[in-house]
Amino acid sequence: MEHDAAVRGVSTGTTIMAVTFDGGVIIGSDSRATRGGEEVSSKTINKLVQVHQRIFCCMAGSLADAQAVLKTASFQLNLHSVQMEAPPRVIAAASLLRKLCYHNKDELQAGFITAGWDPQKGPQVYVVSLGGMLISQPFTIAGSGSTYIYGYTDAKYRPHMTREEGLQFVTNALALAMGRDNVSGGVAHLVVITEEGAEHVVIPGNKLPKFHDE
Amino acid sequence: LSSNRRYDLSASTFSPDGRVFQVEYAMKAVENSSTAIAVRCKDGVVFGVEKLVLSKLYEEGSNKRIFNVDKHVGMAVAGLLADARSLSEVAREEASNFRSNYGYQVPLKHLADRVAMYVHAYTLYSAVRPFGCSFILGSYDLDDGPQLYMVDPSGIAYGYWGCAIGKAKQAAKTEIEKLSMKDMTCREVVKEVAKIIYIVHDEVKDKAFELDLSWVGEVTNGRHELVPKDVREEAEKYAKVKICCGTFWCVRQFCGV
């Protein structure tokens, strides 16, 4: 079963995304973990990992690989932050992930979205893809559920959104993806990161916006 | 001081009064070299080096003593030039690795500490000798502004607003202290740096010299580079006129302006 899942494709059953708004970023994900696309092994896992006070990551690909890479990168980021006597930059977190993904590309199947806020460059979103490409984007979506919402996010994203508009954008996108992708679902986890800090928002399944679901 | 003889043969030996003589001897090597100074001002850092020309056969501009460590970092050295060159490579690799690992350019304090740690390692063992050079690192970026650090053979790095190394460092420091550099721009400071080098240069003991000037700051958009020809000529002209104090021998030497 698990072998099939690995052979079938490298996106895990998941929907993850991050978007910048005026003054911060919002990173969001669903909460479903499945075994081979047949059984929901967890309804409410949190796929948003905090690597530092104002930097969060979400994982795509093999969860085992992603967790191992994230643990290593978190350690390196923390050491770096202590040496610099300053909070780490978002680009530093993303660069460490990239280095690990690129130099171990033969063994790993893990990709990441890194989002956060730092005093130098403000809100930023970075994507580290499977082979170790690192790019910065105003917003990004990933995971198996993301395929269903490319049209929505491309049409609805605007630069310099307010916090409320950003929250609405992410909530709607996640709800639409979870509504169509069988391996994404559960609750929507959102984290809003600004200069003030990180705030975790959870929207249970029955409170998600409905789109002609009757 | 023959009392040193028993404790000065290796860097791994302390003297009874708590000194490591090999490190002190390394600093003597720096004091025998010609002067290098650097001044940190409101919007950048300026380096000036008195490069003694030991032979007329040297190609002009050879034996540079100011190095580029990264786009935004410059390094001026005094002491054994070969040791200094090897350290400039160390600094370059540190800066480059940092950029590759973390995705942004290295903050100068961190770079200075890393290279200082490297220099310090060579003061611990009898199998190697300490580096016989001091160097000054300067940088400018939008996050930290202008920064200036100096590392000496003991492996210590301090931050400065102005510093001098080499044979005339005392005289140079006195001159630097007269400047109110926190309120000056690079364009103003470059002229003062040239003047200070000309002042401390000993016309009697050392004959010909070349003045190497470089800067990094808002004026160069954060890139460390040698100052352009026109700025250099203006600075040298200012220096020569300024130090012409009107005494007889001075007027003869410099006032061909």
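- Going by what an unreviewed UniProt entry lists, chain B is known as Proteasome subunit alpha type and is assigned to Gadus morhua.
- On record in UniProt, under Subunit (unreviewed entry), the comment for chain B is "The 26S proteasome consists of a 20S proteasome core and two 19S regulatory subunits."

- You'll find chain A entered in an unreviewed UniProt entry as Proteasome subunit beta, with Gadus morhua given as the organism.
- Comment text from UniProt for chain A, heading Subunit (unreviewed entry), reads "Component of the proteasome complex."
- The record in UniProt for chain A states the following under Catalytic activity (unreviewed entry): "Cleavage of peptide bonds with very broad specificity."

## Some points on the sheet that holds strand 1 (residues 36–41) of chain B
Residues and elements named next belong to chain B.
Part 1 of the argument: Sheet architecture is open: five strands sit in the order 8-1-2-9-10, paired in antiparallel fashion. The open sheet is flanked by strand 8 (162–165) and strand 10 (225–226), the only strands paired with a single partner.
Part 2 of the argument: Across the face of the sheet, helix 4 (residues 169–177) comes into contact with strand 1 and strand 8 while running at roughly 165° to strand 8.
Part 3 of the argument: Sheet strands touched by helix 5 (residues 186–200): strand 1, strand 2 (44–52) and strand 9 (209–217). Its angle to strand 9, the strand with the most contacts, is close to 155°.

## Section: the environment of A:Gly111
Residues and elements named next belong to chain A.
Part 1 of the argument: Relative to the assigned elements, Gly111 resides in strand 7 (residues 110–118).
Part 2 of the argument: For the pair Gly111 and Val69, spaced 42 residues apart in sequence, the C-alpha separation works out to 9.6 Å.
Part 3 of the argument: Beyond its immediate stretch of four places on either side in the chain, Gly111 contacts Cys58, Met59, Ala60, Val128, Ser129 and Leu130.

## Focus on empty space enclosed by the protein
Residues and elements named next belong to chain A.
Part 1 of the argument: Inspection of the entire model under this criterion finds one cavity of 30 Å³ or more.
Part 2 of the argument: The space that makes up the largest cavity amounts to roughly 40 Å³.
Part 3 of the argument: Considering the residues around the largest cavity, the lining is formed by Val51, Cys57, Leu70, Ala73, Ser74, Leu77, Ala93, Leu96 and Leu97.
Part 4 of the argument: For the lining of the largest cavity, the secondary-structure elements that each account for two or more residues are helix 2 (63–84) and helix 3 (90–103).
Part 5 of the argument: For the lining of the largest cavity, the element with the highest residue contribution is helix 2, accounting for four residues.

## A word on the pairing of strand 4 (residues 73–79) of chain B
Residue and element names in this part refer to chain B.
Part 1 of the argument: With respect to burial, strand 4 is a largely interior element, seven of its seven residues being buried.
Part 2 of the argument: Residue alternation in strand 4 divides its side chains into two sets, Val73, Met75, Val77 and Gly79 and Gly74, Ala76 and Ala78, and both sets are buried.
Part 3 of the argument: Bridging between strand 3 (residues 66–70) and strand 4 involves four bridges; their strand directions are antiparallel. Across the sheet, residue Asn68 finds its bridge partner in strand 4, namely Gly74.
Part 4 of the argument: Summarising the sheet, strand 4 and strand 5 (residues 133–141) pair through seven bridges and their orientation is antiparallel.

## Describing the UniProt feature "active site" (unreviewed entry) in chain A
All names here are of chain A.
Part 1 of the argument: In the numbering adopted here, UniProt assigns the feature "active site" (unreviewed entry) to Thr14.
Part 2 of the argument: If sequence neighbours within four positions are ignored, Thr14 has contacts with Asp30, Lys47, Ala142, Gly143, Ser144, Gly145, Asp181, Val183 and Ser184.
Part 3 of the argument: At 3.0 Å, the side chain of Thr14 and the side chain of Asp30 are in polar contact.

## Comments concerning the UniProt feature "domain: Proteasome alpha-type subunits" (unreviewed entry) in chain B
Part 1 of the argument: Mapped onto this numbering, the UniProt entry annotates "domain: Proteasome alpha-type subunits" (unreviewed entry) at residues 7–29 of chain B.
Part 2 of the argument: Strand forms 0% of residues 7–29 of chain B and helix 39%; the C-alpha atoms that close the span are 19 Å apart.

## Section: the pattern of salt bridges
All names here are of chain B.
Part 1 of the argument: Evaluated as defined, the whole model comprises 22 salt bridges over all chains.
Part 2 of the argument: Here Glu31 and Lys169 are joined by a salt bridge, their closest N and O atoms 3.6 Å apart. One end of the pair, Glu31, is in helix 1 (residues 21–31); the other, Lys169, is in helix 4, with 138 residues separating them in the sequence.
Part 3 of the argument: Residue Glu31 is classed as partly exposed on the basis of its relative accessible area of 35%.
Part 4 of the argument: With a shortest N-O distance of 3.3 Å, Arg99 and Asp70 are connected by a salt bridge. Taken together, the residues Arg99 in helix 2 (residues 81–102) and Asp70 in strand 3 connect sequence positions 29 residues apart.

## Considerations on the interface of chain A and chain B
Part 1 of the argument: Contacts between the two partners involve eleven residues from chain A, matched on the other side by nine residues from chain B.
Part 2 of the argument: Of the roughly 1,000 Å² buried at the junction of chain A and chain B (both faces included), carbon and sulfur atoms supply 54%.
Part 3 of the argument: Scanning the region where chain A abuts chain B turns up one salt bridge.
Part 4 of the argument: B:Asp143 is paired through a salt bridge with A:Arg89; the nearest N and O atoms lie 3.3 Å apart.
Part 5 of the argument: There are six residue pairs in polar contact (both at pLDDT 80 or more) connecting chain A and chain B.
Part 6 of the argument: Examining the composition of the side of chain A that touches chain B, we find that six residues originate from one element, helix 3 of chain A, more than from any other.
Part 7 of the argument: Here the residues of the side of chain A that touches chain B sort into four nonpolar, four polar and three charged.

## Some details on a nonpolar patch on the surface
All names here are of chain B.
Part 1 of the argument: Taken together, Leu124, Tyr125 and Val128 make up a surface patch of nonpolar side chains, about 260 Å² in accessible area.
Part 2 of the argument: Along the chain, Val128 turns up in the loop between helix 3 (108–121) and strand 5.
Part 3 of the argument: Given a relative accessible area of 33%, Val128 falls into the partly exposed group.

## Quick look at the environment of A:Val49
Part 1 of the argument: Tracing the backbone shows A:Val49 in strand 5 (residues 48–52).
Part 2 of the argument: Along the backbone, A:Val49 and A:Gln67 are 18 residues apart, and their C-alpha atoms lie at a distance of 9.3 Å.

## Section: the sheet that holds strand 11 (residues 188–194) of chain A
All names here are of chain A.
Part 1 of the argument: In spatial order, the strands read 10-1-2-11-12; together these five strands make up an open sheet with antiparallel pairing. What marks the edges here is a single partner per strand, and that holds for strand 10 (139–142) and strand 12 (197–203). With direction set aside, neighbouring strand axes in the sheet form an average angle of 15°.
Part 2 of the argument: Relative to strand 10, strand 1 (residues 16–21) runs antiparallel, the two sharing four bridges. In the strand pairing of strand 10, Ile16 is matched with Ala142.

Analysis parameters
- Residues numbered from 1 in each chain as written.
- Chains lettered and ligands numbered in written order.
- Predicted model: local features only at pLDDT ≥ 70, side-chain atom pairs only at ≥ 80, totals over all residues.
- Heavy atoms only, no water.
- UniProt positions renumbered as here; feature names shortened; annotations may be inferred.
- Pairing = 2+ DSSP bridges.
- Helix = DSSP H or I, 4+ residues; strand = E, 2+ residues; numbered from the N terminus.
- Contact = heavy atoms within 4.5 Å.
- Axes fitted to C-alpha atoms, helices over the stretch in contact; angles between N-to-C directions.
- 1 Å grid on protein atoms, 1.4 Å probe; cavity = no way out; pocket = protein on both sides within 12 Å on 5 of 7 lines; lining within 4 Å.
- Points joined across faces, edges and corners; volume = space filled by probe spheres on them.
- Buried < 20%, exposed > 50% of the residue type's maximum accessible area, 1.4 Å probe, protein only.
- Polar contact = N/O pair within 3.5 Å; in protein donor to acceptor, adjacent residues only side chain to side chain.
- Salt bridge = Lys/Arg side-chain N within 4 Å of Asp/Glu carboxyl O.
- Buried area = accessible area lost by both parts, 1.4 Å probe.
- Nonpolar A, V, L, I, M, F, W, Y, C, P; charged D, E, K, R; others polar.
- Patch = residues over 30% accessible without salt bridge, like charges linked within 9 Å, V, L, I, M, F, W, Y side chains within 5 Å.
- Areas by Shrake-Rupley, 256 points an atom, 1.4 Å probe, with all protein chains shown as cover.

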